[in-house]
Amino acid sequence: MKKLLRNLISAETTAEAGELAAADIISAELGLSGIACRIDSWGRNRANLIAQIPVAVLGTPSGELKSARRVGALARQAGRRGGLLFACHLDVVAPGEAKWEHPPFSGVESKGKIYGRGSADMKGGIAAIVTAVRQIVDSGAKLKGDIILFAAAGEETDSCGAKRFISDWGGMTQLAGVVLPEPTDFEVVTAHRGMLWLKVETSGQATHGSTPELGVNAIASMRAVLNELDNYKIRFKPHKLLGRCSMSVNTIAGGKEINVVPDKCEIKIDIRTLPGQNCQDIISDFEKIFAKLKQKNSQFEAEVCVVREVGALETDSSCGFVKDFCSAVGISETKAVGFTTDGPHLAALGAPVVVFGPGKSEVCHKPNEYIDIADVEKAIEYYKNIILKFLA
Ligand SMILES: [Zn+2]
């Protein structure tokens with residue numbers, strides 16, 4: 001497991017490098033137990049990995065590779081229980097500018113921890129579920145439903161992998177539930193806020209910097225927008241677990257030359273939404289702000305567009321799947337978290353979604369990210385228990 005985790009970290013699956021190298025590593029690892037998988041690859045190095053371990057394969061001697069699709073069709077008839085989908089993501093965020101104690105893609109082991117970008121988010125979870133699935137298959141356990149292992153591209157950027165997987169799904173298998181092995185430090189998470197990323201661009205008219213009165217300064221227009229946003233509150237009632245919707249302007253760019261009045265300025269805004277919130281309402285509010293500014297100054301021009309939208313996750317904590325899940329891991333209460341996942345996309349498959357895995361969320365997306373080796377080992381046992389609870 002440690003070697004697998006270190007190799008996955010070294011695969012350096014940032015947005016620039018793509019996910020293919022990590023998909024190949026997992027495919028080879030699953031192959032050791034005779035588990036076939038499909039790598040769905042596109043673009044330069046983008047990749048999703050899908051392995052379906054149907055009931056028909058479980059119990060057959062390992063080493064016998066079969067077409068996942070063909071055996072999947074068999075399992076549809078033979079499977080008596082709804083399948084379990086474990087949905088991971090292969091990509092990681094960039095290591096950032098700050099200095100790391102150990103090189104971010106070296107997977108250094110020190111004092112019971114493995115360091116590296118993606119160690120917690122979420123290659124520790126991947127190493128654990130892949131190892132758990134291998135151990136179950138190697139044990140020859142007779143299961144009554146399919147295990148589906150999915151590792152996505154692009155979770156950190158645009159969820160392209162999850163969207164692709166869902167559009168290919170076509171009711172492949174009836175599911176009992178979906179588990180995301182993301183770093184929750186072994187809390188059972190059933191809710192998180194959604195994400196609405198907006199870009200606002202103001203347009204002006206460029207002119208020589210010595211005669212600003214002949215142009216329209218797009219930065220000045222943006223200042224007017226920012227002043228309005230200071231007083232703008234998104235109207236939506238707080239959620240009992242998730243608290244309030246939040247908004248933060250996190251990038252600004254405008255102007256090219258010191259002696260040219262800028263004709264473009266843009267900001268990017270990170271809004272975290274609550275279940276049931278309609279993103280169109282927020283966009284309409286922005287358009288109203290622009291209309292008001294235009295009334296004051298007819299030269300004002302601005303546009304808003306959506307950069308990314310992910311819904312909020314809210315799984316009914318009292319449903320049978322969540323209750324059985326909690327009993328399989330010996331935890332009685334469910335929680336909400338601050339980060340987002342591909343969960344809301346996967347909820348479209350119609351099964352309850354829970355997030356549960358090793359690693360602390362507070363080390364993610366930061367320098368010196370790490371995971372405790374003991375936690376990954378604990379996760380292997382938890383995932384085996386979960387599989388046996390639902391499928392044995
Ligand atoms: Zn993650």
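Quick caveat, the model's predicted, so the values are computed rather than measured.

K.L.:
Just checking my understanding: could you explain the overall build of the protein chain for this structure?
P.N.:
For the protein chain, the helix and strand inventory stands at ten helices and 18 strands. Seen through its principal axes, the protein chain has C-alpha atoms that stretch 80 × 45 × 40 Å. Going through the 392 residues of the protein chain one by one, you find that 52% of them count as buried. Put simply, 80% of the contacts in the protein chain that link residues at least 6 apart link residues at least 24 apart.

K.L.:
For this particular structure, what's the right way to read the pattern of salt bridges?
P.N.:
Between side chains of opposite charge, a pair can form when the charged atoms approach closely. Scanning all chains against the criterion turns up 23 salt bridges. Put simply, E19 and R46 hold a salt bridge, and the shortest N to O gap is 2.9 Å. Here E19 is found in the loop between α1 (2-10) and α2 (20-31), whereas its partner R46 is found in strand β2 (residues 46-53), with 27 residues between them in sequence. Exposure class is identical for E19 and R46. Each is buried. A salt bridge links D168 to R38; the nearest nitrogen and oxygen atoms lie 4.0 Å apart. In this pair, D168 sits in helix α5 (residues 160-169) while R38 sits in strand β1 (residues 38-42), placing the two residues 130 residues apart along the sequence. Several salt bridges converge on common partners, so that one network encompasses K113, D185, K360, D372 and D375.

K.L.:
Is there a simple way to think about the coordination of the zinc ion in this case?
P.N.:
Geometry sets the ideal angles at a metal, namely 109.5 degrees for four tetrahedral donors and 90 or 180 degrees for six octahedral donors. Coordination of the zinc ion by the protein comes from H89 (NE2), D121 (OD) and E182 (OE), over a distance range of 1.8 to 2.1 Å. As a motif over one chain, the donors of the zinc ion read H-x31-D-x60-E. Linking H89 in strand β3 (residues 83-89) with E182 in the loop between β7 (175-180) and β8 (188-192), this pair joins segments that are 93 residues apart in sequence. For the residue pair H89 and E182, the accessibility class agrees, reading buried in each case.

K.L.:
Quick question: what am I supposed to make of the packing of helix α4 (residues 119-139) against helix α10 (residues 373-391) here?
P.N.:
The angle between the axes and the distance between the axes are what describe a pair of packed helices. Taken N-terminus to C-terminus, the directions of α4 and α10 make an angle of 50°; their axes are 8 Å apart at the nearest point. By the angle between their directions, the pair α4 and α10 is classed as oblique. Crossing geometry of α4 relative to α10 is assigned as right-handed. Counted together, G124, G125, A128, I129, T131, A132, V133, Q135 and I136 of α4 and V376, A379, I380, Y383, K384, I387 and L388 of α10 form the full contact between these two elements. Taken together, the residues that form the contact of α4 with α10 break down as eleven nonpolar, four polar and one charged.

K.L.:
Whenever I open this one, the pairing of strand β9 (residues 194-203) confuses me. Can you help?
P.N.:
In the case of a regular strand, side chains alternate between the two sheet surfaces. Direction of pairing for β9 relative to strand β13 (residues 264-273): antiparallel, over a ladder of ten bridges. Looking at the pairing, G194 lines up with T273 of β13. Alignment of β9 against strand β14 (residues 302-310), held across eight bridges, turns out to be antiparallel. When the sheet's bridge partners are listed, M195 is paired in β14 with V310.

K.L.:
Looking at this structure, I do not really get the packing of α2 against α4. What am I missing?
P.N.:
Between α2 and α4, the least distance of the axes is 10 Å, while the angle of their chain directions is 20°. Between α2 and α4, the angle falls in the class roughly parallel. Like other packed secondary-structure pairs, α2 and α4 cross with a definite hand, here right-handed. Taken together, the residues of α4 that come into contact with α2 (itself represented by I26, E29 and L30) are I126, V130 and R134. Residues of the contact of α2 with α4, tallied by class, amount to four nonpolar, no polar and two charged.

K.L.:
Quick question: what am I supposed to make of helix α6 (residues 218-230) here?
P.N.:
For an α-helix, the turn length of 3.6 residues means that residues three or four places apart are oriented alike. Taking 1.5 Å per residue as the helical rise, α6 with its 13 residues ought to reach 18 Å, and the 18 Å between its terminal C-alpha atoms agrees with that figure. For α6, the set of buried residues is A218, S221, M222, V225, E228 and L229. Seen end-on, α6 carries its buried residues on one side only, within an arc spanning 115°. Residues of α6 that are exposed and angled more than 90 degrees away from the buried face: R223 and D230. One side-chain oxygen of the residue at the start of α6 lies 2.8 Å from the amide nitrogen of I219, identifying that residue as N217.

K.L.:
I keep staring at the pairing of β3 and nothing clicks. Help me out?
P.N.:
Burial runs high along β3: seven of the seven residues are buried. Covered by surrounding structure in β3 are G83, L85, A87 and H89 together with L84, F86 and C88, the residues of both alternating faces. Examined bridge by bridge, β3 and β7 share four bridges and lie parallel to one another. For F86, the partnering residue across the bridge sits in β7 and is V179. Here β3 runs beside strand β6 (residues 147-152); their pairing, made up of six bridges, is parallel. Its bridge partner lying in β6, C88 is registered against A151.

Parameters at a glance
- Residues numbered from 1 in each chain as written.
- Predicted model: local features only at pLDDT ≥ 70, side-chain atom pairs only at ≥ 80, totals over all residues.
- Heavy atoms only, no water.
- Helix = DSSP H or I, 4+ residues; strand = E, 2+ residues; numbered from the N terminus.
- Buried < 20%, exposed > 50% of the residue type's maximum accessible area, 1.4 Å probe, protein only.
- Contact = heavy atoms within 4.5 Å.
- Salt bridge = Lys/Arg side-chain N within 4 Å of Asp/Glu carboxyl O.
- Donors = N, O, S within 2.8 Å, 3.2 Å for Na, K, Ca; no water.
- Axes fitted to C-alpha atoms, helices over the stretch in contact; angles between N-to-C directions.
- Parallel < 35°, antiparallel > 145°, perpendicular 65-115°, else oblique.
- Left-handed = near helix turned anticlockwise from the far one by under 90°.
- Nonpolar A, V, L, I, M, F, W, Y, C, P; charged D, E, K, R; others polar.
- Pairing = 2+ DSSP bridges.
- Expected span 1.5 Å × (residues − 1).
- Arc of directions from axis to C-beta.
- Polar contact = N/O pair within 3.5 Å; in protein donor to acceptor, adjacent residues only side chain to side chain.

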